Amino acid sequence: FILLSVGLALCGWRFLYTFKTTNTPNRKSRTGFFLGLCFALSSLQNAILGFGALFFANNSELLFATEVVSHLALTALAVVCIYTAYYIFLPHSSPYPAIITTFTLSGIGIISAIRNPFFPFLTPGKGIDLNMSFIFAGATFLLLFISLSVFFYIFFKIFQNTKNREVKTLSFIISTSALIGIINNSIYLLLPHGTSASARTAIFHIQYQG
């Protein structure tokens, strides 16, 4: 997660630099700012998970707190992604119904975590099983699905429309990574809870290494 956080930050910085240099100086658009904010929040969310796992691997209570804080960061990411998508593609439509729905999904997850706390733990294979409740895992996946779907759509459209080779390459990498992220998290978060913790964690780690 830490490496992913650094990668997202660097990739976002590089893309925004290229985005800025390929646009006309008099074009007043906040697209670059919103895309940068999406990358920053995505990097932050992964950093929270990464450093939480690094420092609190043997403390279930603090790992639980890490997951809740990460969930809040993920909520912010999903909201900004929605707003960015509307700003770019649907400037005359209101994003607030979708944003309210996102806050509702997040709230369901948080309430579920408060009422039925779950406690991540270190597996025999030295991986951390998040041990999420089904409702919290479902809410987390939906927030990730919203965020990554927006990333995929925005950068796939840029890939299709741009003639700049560097922008096209970066857009392809980002859109493909977002699609892989959706598949990866769907397997881990929605995998039946009857599956062993070691198996779930191994699948998750193998996909991230890929």
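This text follows the structure it describes.
Residues numbered from 1 in each chain as written. Predicted model: local features only at pLDDT ≥ 70, side-chain atom pairs only at ≥ 80, totals over all residues. Heavy atoms only, no water.

Some details on the environment of Glu 67
Here is step 1: Mapping Glu 67 onto the fold places it in helix α3 (residues 60-89).
Here is step 2: Overall, Glu 67 belongs to the buried group, its relative accessible area being 5%.
Here is step 3: Excluding anything up to four places from it in sequence, Glu 67 contacts Leu 49, Phe 118, Pro 120, Leu 130, Met 132 and Phe 136. (Helix = DSSP H or I, 4+ residues; strand = E, 2+ residues; numbered from the N terminus. Buried < 20%, exposed > 50% of the residue type's maximum accessible area, 1.4 Å probe, protein only. Contact = heavy atoms within 4.5 Å.)

Comments concerning the packing of aromatic side chains
How two aromatic rings sit relative to each other is set out by the distance from centre to centre and by the angle between their planes.
Here is step 1: Enumeration according to the criterion identifies 14 aromatic pairs in this entry.
Here is step 2: Chaining the aromatic ring pairs together yields one cluster made of Phe 64, Phe 118, Phe 119 and Phe 136.
Here is step 3: Sitting over the face of the ring of Phe 159, Lys 168 holds its NZ or CZ atom 4.6 Å from the ring centroid. (Phe/Tyr/Trp six-rings, centres within 6.5 Å; stacked < 30°, edge-to-face > 60°. Lys NZ or Arg CZ within 6 Å of the ring centre and 35° of its normal.)

With respect to the environment of Ser 177
Here is step 1: Positionally, Ser 177 belongs in helix α6 (residues 165-190).
Here is step 2: Residue Ser 177 is classed as partly exposed on the basis of its relative accessible area of 42%.
Here is step 3: Once the C-alpha coordinates of Ser 177 and Phe 151 are considered, the two residues, 26 residues apart in sequence, prove to be 9.2 Å apart.

Remarks on α6
Note on helix geometry: an α-helix contains 3.6 residues per turn, so any two residues three or four positions apart are oriented the same way.
Here is step 1: Its 26 residues place the ends of α6 37 Å apart at the C-alpha level, agreeing with the 38 Å of an ideal helix rising 1.5 Å per residue.
Here is step 2: Of the positions making up α6, those classed as buried are Val 167, Leu 170, Ser 171, Ile 174, Ser 175, Ala 178, Gly 181, Ile 182, Asn 184, Asn 185, Tyr 188 and Leu 189. (Expected span 1.5 Å × (residues − 1).)

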